[in-house]
Amino acid sequence: MSEQREMKEASPGYRTVTIFVAGIAVIALVALVTVGVLQNKPLPQKYKYGIVMDAGSSHTALYIYQWPAEKDNNTGRVTQTDSCRVDGPGISSYASNPRGAGESLGDCMLKARQAVPSSRHGETPLYLGATAGMRLLNIENASASDAVFQAVEAALHSSPFSFRGARILSGQEEGAFGWVTVNYLDDRLTQGQETTGALDLGGASTQISFVSARFDGTESPHNLMTFRLYGNDYNLYTHSYLCYGKDQALRKMLALQTASGPTSLSDPCFHPGYIRTRDYSELYASPCVARSKPQASPRNFTLKGTGDFDSCRTAVKKIFDFSKCNFSRCSFNGVFQPELQGSFGAFSAYYFVLDFLNLTDTSAPMETIKDKLREYCATPWADMQRQHPSTKVKYLAEYCFSGTYILTLLTEGYNFTADTFKEITIIRKIKGSDAGWTLGYMLNLTNMIPAEAPDAPPAAPRRLRVHHGAHGPAAGGPSPLHHLHPQQDSVLQPAQDRMS
Ligand SMILES: Nc1ncnc2c1ncn2[C@@H]1O[C@H](COP(=O)(O)OP(=O)(O)O)[C@@H](O)[C@H]1O
Ligand SMILES: [Ca+2]
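Since this is a predicted model, take the numbers as computed values, not measurements.

Enquirer: I would appreciate a short explanation of the overall build of the chain in the present structure.
Expert: The number of helices and strands found in the chain is 16 helices and 17 strands. Within the chain, the fraction of its 500 residues that count as buried is 51%. Accessible surface computed for the chain: about 23,100 Å², of which carbon and sulfur atoms make up 52%.

Here it is, written out as structure tokens:
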């Protein structure tokens, strides 16, 4: 009896404890399940991603872009979230070891896997675009360039991303996409504002692109790219000069100086005291200079710097041909160029070189710029090395040439004057994204720039179909496999397609 009473008496407290413990257990279970579910099923991602690899002549770089998931295909701004520089040289340097080209991309691919949330991997487009280094290899040895592409494609196919092809961009595309990038990042396209021209200096080629009111393509159809973006039509003049990137331009200058096969060369574009043995077969191993290789020459020559800016300019100027022009006006080498118009953004090696030389202020008088270069080139090589112990020796040795080349290309080549030179801004990034062709390339291939303004009445679809232009390796390249047709539905259209 008493026991029963006791139990009865104890029961209210016992029940409270039981309910309490059970409650805790349920909460713990729910929390455990929630954590488990969340770990397996990631939270919905706010962003989408796209990856472009820039296989340049000197090196390959990977860029990761992101944009708000719900604004996809609209005006949601695409920004660069990450980039990765591949160790070693550009893929065109792997002609005799194609597998090495594929392997070289491994570290950056790993970085991309870590940077893009895994739930997005499968839907993230991955593109590789090669520029002038592969254009040259393709000219020189098409089967070697095929083998490099095969190795690179195999490597990228094995990534978790949605690989959409590796191909050589035409010079027109390279120039036009650089222009799209700069104007997209500056937000000049949605507003229908006046656009900025684009100047891109690479190692093997250089591009100039700008909108010209005086150019409709009649004079030189190959230089016209037409766009309709956000409801505005653009006639873009663009030209890519193969062999006029700064590395090939240097080869061209050295080739002119060694035409007779000397054993030593005094060169004004290198610092006084600079001395280096150069191999003839190495110097001439490029389609840019191969034909001018001396008939008979020793194995190598000794290159000695004299550090004389004015003589360097004279030597550099000789790689430009100003003698012929079959158009109303030309830049050089008989290439049509309308009168320069508007402001320009100059990036890539323009930035690397002029930033190193502290010459990014283009509003400085031309004479001041020349004086600074004159003084710079005259600095003894030993002093240069002492002052810049951590700068790559190859770069350090060539900044005098590169600065002189840039000045000559802009003023004598493109006809920038003391006045219009001020219209050039030297840029590396715009709002955190690198200036270059990659962003424009991706925006085009993923149709992220609409032809019509977003709030325009639903007119007939204006997206223009693009065929590859009848020019450049992109059209007649090594193998159709490498030239997927990613540009269908793109808004970018080379003029000759429109007119045919
Ligand atoms: N820090 C730097 N200083 C000087 N030059 C640089 C630096 N970084 C890159 N470059 C140069 O910029 C150029 C980049 O060209 P790249 O994009 O590889 O070639 P292309 O566009 O012709 O295919 C190369 O000449 C490379 O040597
Ligand atoms: Ca480049």
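Enquirer: What exactly am I supposed to notice about unusual backbone geometry here?
Expert: Excluding glycine, most residues fall at negative phi; most peptide bonds, likewise, are trans. In the Ramachandran plot, Asn358 falls in the positive-phi region, its phi being about 55° despite a non-glycine side chain. Looking at where Asn358 falls in the secondary structure, it is placed in the loop between helix H10 (349–356) and helix H11 (366–378). The exposure class assigned to Asn358 is exposed, which follows from its relative accessible area of 62%. Unusually for a residue other than glycine, Asn415 sits at a positive phi of about 70°. Tracing the backbone shows Asn415 in the loop between helix H13 (393–413) and strand E14 (424–426). A relative accessible area of 41% places Asn415 in the partly exposed class.

Enquirer: Looking at this model, I keep getting lost on the sheet that holds strand E4 (residues 125–130). Mind explaining?
Expert: Either a parallel or an antiparallel arrangement is found when strands of a sheet pair, and the pairing is made through backbone hydrogen bonds. Strand order in the open sheet formed by five strands is E3-E2-E1-E4-E5, and the pairing between neighbours is mixed. With one partner strand each, in any of the chains shown, strand E3 (79–85) and strand E5 (162–168) form the two edges of the open sheet. The sheet shows a mean angle of 15° between the axes of neighbouring strands, direction not considered. By the bridge criterion, six bridges tie strand E2 (residues 60–68) to E3 in an arrangement that is antiparallel. Looking at the pairing, Tyr65 lines up with Gln80 of E3. The strands touched by helix H14 (residues 437–445) are strand E1 (47–55), E2, E4 and E5; relative to E1, the strand with the most contacts, the crossing angle is about 125°.

Enquirer: How should I be thinking about the packing of helix H6 (residues 171–185) against H14 in this particular structure?
Expert: If you want to describe how two helices pack, look at the angle between their axes and the distance between the axes. Where H6 meets H14, the axes come as close as 6 Å, and the angle between the chain directions of the two elements is 90°. As the angle between them shows, H6 and H14 are arranged roughly perpendicular. Contacts from Glu174, Phe177, Gly178, Val180, Thr181, Tyr184 and Leu185 of H6 reach H14 at Trp437, Leu439, Gly440, Tyr441, Leu443 and Asn444. Partitioning the contact of H6 with H14 into residue classes produces eight nonpolar, four polar and one charged.

Enquirer: Could you clarify how one ought to interpret the sheet that holds strand E10 (residues 264–267) in this entry?
Expert: Ordered in space as E10-E12-E11, the three strands form an open sheet in which the pairing is mixed. Edge positions in the open sheet fall to E10 and strand E11 (275–279), since each of these has one partner strand only. Neighbour to neighbour, the strand axes of the sheet diverge by 25° on average, direction disregarded. Sheet topology note: the E11/strand E12 (residues 300–305) ladder contains five bridges and is antiparallel. By the bridge assignment for E12, Arg276 is matched with Leu303. Contacts from helix H7 (residues 246–257) reach E10, E11 and E12 within the one sheet, and its direction differs from that of E10 by about 120°.

Enquirer: How do you make sense of the site of ligand 1 when you look at a structure like this?
Expert: Neighbouring ligand 1 are 17 residues; Ser57, Ser58, Thr131, Ala204 and Tyr399 lie closest to it. A distance of 3.4 Å separates a nitrogen atom of ligand 1 from a polar atom in the side chain of Lys246. The side chain of Asp247 places a nitrogen or oxygen atom 2.9 Å from an oxygen atom of ligand 1. Bound to the protein, ligand 1 loses 91% of the 570 Å² it would expose on its own. Partitioned by chemical class, the residues of the shell around ligand 1 number six nonpolar, eight polar and three charged. Each of domain 1 (47–170 + 433–499) and domain 2 (171–432) accounts for three or more of the residues forming the shell around ligand 1.

Enquirer: Please explain the packing of aromatic side chains as it appears in this structure.
Expert: Two aromatic rings are characterised by how far apart their centres lie and by the angle between their planes. Taken as a whole and judged by the stated rule, the model has 30 aromatic pairs. Plain terms: the ring middles of Tyr244 and Phe332 are 5.2 Å apart, the flat faces sit at 55° to each other, and that makes the pair tilted. Of the two residues, Tyr244 is situated in the loop between strand E9 (232–242) and H7 and Phe332 in the loop between helix H9 (309–317) and strand E13 (344–348); the sequence distance between them amounts to 88 residues. The pair formed by Tyr244 and Phe332 is uniform in burial state, with each residue classed as buried.

Enquirer: What's the story with the pairing of E9 in this structure? I'm lost.
Expert: It is a general feature of regular strands that their side chains alternate between the two faces of the sheet. Alignment of strand E7 (residues 205–211) against E9, held across seven bridges, turns out to be antiparallel. In the strand pairing of E9, Ser209 is matched with Thr238.

Enquirer: When you look at empty space enclosed by the protein in this model, what are you seeing that I'm missing?
Expert: Empty space left among the atoms is revealed by rolling a probe the size of a water molecule over them. A full pass over the atoms with the stated rule returns five cavities of 30 Å³ or more. Reported here for the second largest cavity is a volume of approximately 60 Å³. Contributions of two or more residues to the lining of the second largest cavity are made by H11 and H13. Per-element tally for the lining of the second largest cavity: the top contributor is H13, with four residues.

Enquirer: Before we go on, may I ask you to explain the state of the cysteines in this structure?
Expert: Each disulfide is one covalent bond, formed between the sulfur atoms of two cysteines. Under the criterion given, the structure shown has five disulfides. Each disulfide pairs two cysteine sulfurs, and for Cys269 the partner residue is Cys312, the sulfurs being separated by 2.0 Å. The sign of the S-S torsion, about 105°, decides the handedness of the disulfide formed by Cys269 and Cys312: right-handed. Taken together, the residues span a long stretch of sequence, with Cys269 in the loop between E10 and E11 and Cys312 in helix H9 at a distance of 43 residues.

Enquirer: Honestly, the UniProt feature "active site" (unreviewed entry) in the chain in this entry has me stumped. Any pointers?
Expert: The UniProt feature table records "active site" (unreviewed entry) at Glu174. Position of Glu174 relative to the elements: it lies in helix H6. Contact partners of Glu174, with chain neighbours within four places excluded, come to Thr131, Arg135, Leu169, Asp200, Ser205, Gln207, Ser240 and Trp437. A distance of 2.7 Å separates polar atoms of two side chains, one belonging to Glu174 and the other to Arg135.

Cut-offs used in this document
- Residues numbered from 1 in each chain as written.
- Chains lettered and ligands numbered in written order.
- Predicted model: local features only at pLDDT ≥ 70, side-chain atom pairs only at ≥ 80, totals over all residues.
- Heavy atoms only, no water.
- Helix = DSSP H or I, 4+ residues; strand = E, 2+ residues; numbered from the N terminus.
- Buried < 20%, exposed > 50% of the residue type's maximum accessible area, 1.4 Å probe, protein only.
- Areas by Shrake-Rupley, 256 points an atom, 1.4 Å probe, with all protein chains shown as cover.
- Pairing = 2+ DSSP bridges.
- Axes fitted to C-alpha atoms, helices over the stretch in contact; angles between N-to-C directions.
- Contact = heavy atoms within 4.5 Å.
- Parallel < 35°, antiparallel > 145°, perpendicular 65-115°, else oblique.
- Nonpolar A, V, L, I, M, F, W, Y, C, P; charged D, E, K, R; others polar.
- Near = heavy atom within 4 Å.
- Polar contact = N/O pair within 3.5 Å; in protein donor to acceptor, adjacent residues only side chain to side chain.
- Domains from an automatic or database assignment.
- Phe/Tyr/Trp six-rings, centres within 6.5 Å; stacked < 30°, edge-to-face > 60°.
- 1 Å grid on protein atoms, 1.4 Å probe; cavity = no way out; pocket = protein on both sides within 12 Å on 5 of 7 lines; lining within 4 Å.
- Points joined across faces, edges and corners; volume = space filled by probe spheres on them.
- Disulfide = S-S within 2.5 Å.
- UniProt positions renumbered as here; feature names shortened; annotations may be inferred.

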